[in-house]
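Given next are the chains, with one letter for each unit.
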Amino acid sequence: MASKRRQGESVKAEKKRQKKSCEEAAGLCSLVADEQVRGAVKEAWSQRSHYSQGDLELDCHPFPHCIIRNFLSSESFVENLQRELLGLNFHEKSNDLYKFKQSDDLRKRTEPHIAGLRAALFGSFRSWLGEVLGVELEPTVDISCARYEYTDVLLCHDDELEGRRVAFILYLVPPWRSSDGGTLDLYTTDSNFQPQSVVKSLVPSLNTLVLFEVSPVSFHQVSEVLTQDKCRLSLSGWFHGPSLERPPRHTEPPIPRSPHLPRDETLLLEWINPVYLDISYQEQIQEEFEDSSEIQLKDFLKEEKFKEVSEALRLTEVQWTKRCPPNKRCYEVASLDALPQCVSACRELLCSESFFLLLSNFTGLRLHYLCPADDDDEDKDEEKEGVQDVEATGSSTETAPANTSREKELSTPVCHGELRRWSHGGYTLLHDGEAVRAEYALDLVLPFGCENWQSEFGGFTCYVANEEDEELLTVYPEDNSLALVYRDKETLKFVKHVNHKSSSDSTCRAFYDFSFVYYE
């Protein structure tokens, strides 16, 4: 029995030797082995000061990050690593925050150069980094490969997740310029630990490793790739260890809401396509809306009114202000103080008492005191249902209602709204504060100036279930098409990043919309 056991052990040992022989050893930059450099980097990191030596640079503005050029000592190793990575299967990744292609986790890949780099990163280099930081980093392997191509992007975020201590990126790119996009942009933060503006952009460079400490202020982004001819290939992941202490998350003040303006039905007669003022047609709309919790009403405004507002937005000087912070949103909103008269009148329409009543007739929601309460109509469900379990198939889609319920309290209907301008770089993101504050609400969007706007440009609104990636509903911008969507407390929304394709021709493209939210 003993001899059999020794024989089994020798087989295991042989397999282990064979596995090790499959790894191609990854030689690292000689500076990493230099004890004097390691001590200097440790001192500079702890003092939050700048340090530079040869191919290694540590900068602590706006937060600690280290750049090591020529990280791998062998050019042939780099070339073979690129070849192995490009042979992997990549999956399309797209949501509110990003669009790019990513490999599966590389922790178990057996290709010689991938395995060799992984062993070096999470072996000797992890030890070096742990000494520099003065913390014990876990042996956890967290690494994958990403391909960013034309219009791919990773928007502003801080990387914070339990256990992540240091993020790293190893670039394996062709010759790259800042005009190609794809830079790693670092943000400053304000007194509330919210990102403000990009103060440093790192251009990808072949065989360069960038690493930074994951913290409440480590806000960064991968800017949109603007070149159609190059692939931004990189390896990235995290070293794990004790997380830095985090201050309480900043809570934005709630957006003020207002009751309707006292305006009568003459405003409707002046602005709205007469077909939508027909009572029998309103009943049809309500029936369709109650089935799907969403609808799009095409040619909603009278044609001459729509053209007047569109021309005013395009030609008149409107004061636009960027809405931030960039980890939540980035678009322009119009100042209400100096709007062209017709634009101001259109906004007044959407805030008016008569329009609240019209929305009630369209949706069955109690947005006016003249509307019957749910218990006054035996044919109505006791509770309204929001957008749930929807399959996105076009500008508007059919919704399969789910059984949800809520207690409704009689209150004064209110709304808030803004006039927005969408152009290259605009977006909104899902965030924790939005999920916490989610309410039953009716969303309204009325676009202008989006003739020939294409879905591939972005700028469309996506509805998703909280903590799920699957899109429930997608609403694309369409001129003079009023979109109404009723959502519940588990439904969130975002506007997809407007990419470079929107402005790639000779005409800079932008569109506008009124965005309102109504509450019963």
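To start, this report covers the structure provided alongside it. (Residues numbered from 1 in each chain as written. Predicted model: local features only at pLDDT ≥ 70, side-chain atom pairs only at ≥ 80, totals over all residues. Heavy atoms only, no water.)

For the coordinates displayed, the defined rule picks out 29 salt bridges. The closest approach of N and O atoms between arginine 48 and glutamate 213, which form a salt bridge, is 3.1 Å. Linking arginine 48 in the loop between α2 (35–47) and β1 (51–53) with glutamate 213 in strand β11 (residues 208–213), this pair joins segments that are 165 residues apart in sequence. Relative accessible area serves as the criterion here: at 44%, arginine 48 is assigned to the partly exposed category. The exposure class of glutamate 213 is buried, given its relative accessible area of 5%. Each of Glu92, Lys101, Arg147 and Glu149 takes part in one network of salt bridges that share partners. (Salt bridge = Lys/Arg side-chain N within 4 Å of Asp/Glu carboxyl O. Helix = DSSP H or I, 4+ residues; strand = E, 2+ residues; numbered from the N terminus. Buried < 20%, exposed > 50% of the residue type's maximum accessible area, 1.4 Å probe, protein only.)

Here we take up the environment of glutamate 520. Structurally, glutamate 520 can be placed in the segment after β24 (510–519). Its relative accessible area of 21% is what places glutamate 520 among the partly exposed residues. At 2.7 Å, the side chain of glutamate 520 and the backbone nitrogen of arginine 366 are in polar contact. (Polar contact = N/O pair within 3.5 Å; in protein donor to acceptor, adjacent residues only side chain to side chain.)

By the secondary structure assignment, arginine 314 is in helix α7 (residues 303–315). A distance of 2.9 Å separates a polar atom in the side chain of arginine 314 from a polar atom in the side chain of glutamate 311.

Relative to the helices and strands, lysine 305 is located in helix α7. When near neighbours in sequence (up to four residues on either side) are disregarded, lysine 305 contacts Glu270 and Trp271. (Contact = heavy atoms within 4.5 Å.)

Counting buried positions along strand β17 (residues 414–423) yields 7 of 10 residues, so the element is predominantly enclosed. The sheet contact formed by strand β16 (residues 329–334) and β17 spans 2 bridges and is antiparallel. What sits directly across from glutamate 332, in β17, is arginine 421. In this sheet, β24 lies alongside β17 in antiparallel orientation, the contact comprising 10 bridges. Looking across to β24, one finds that arginine 421 is bridged to tyrosine 512. (Pairing = 2+ DSSP bridges.)

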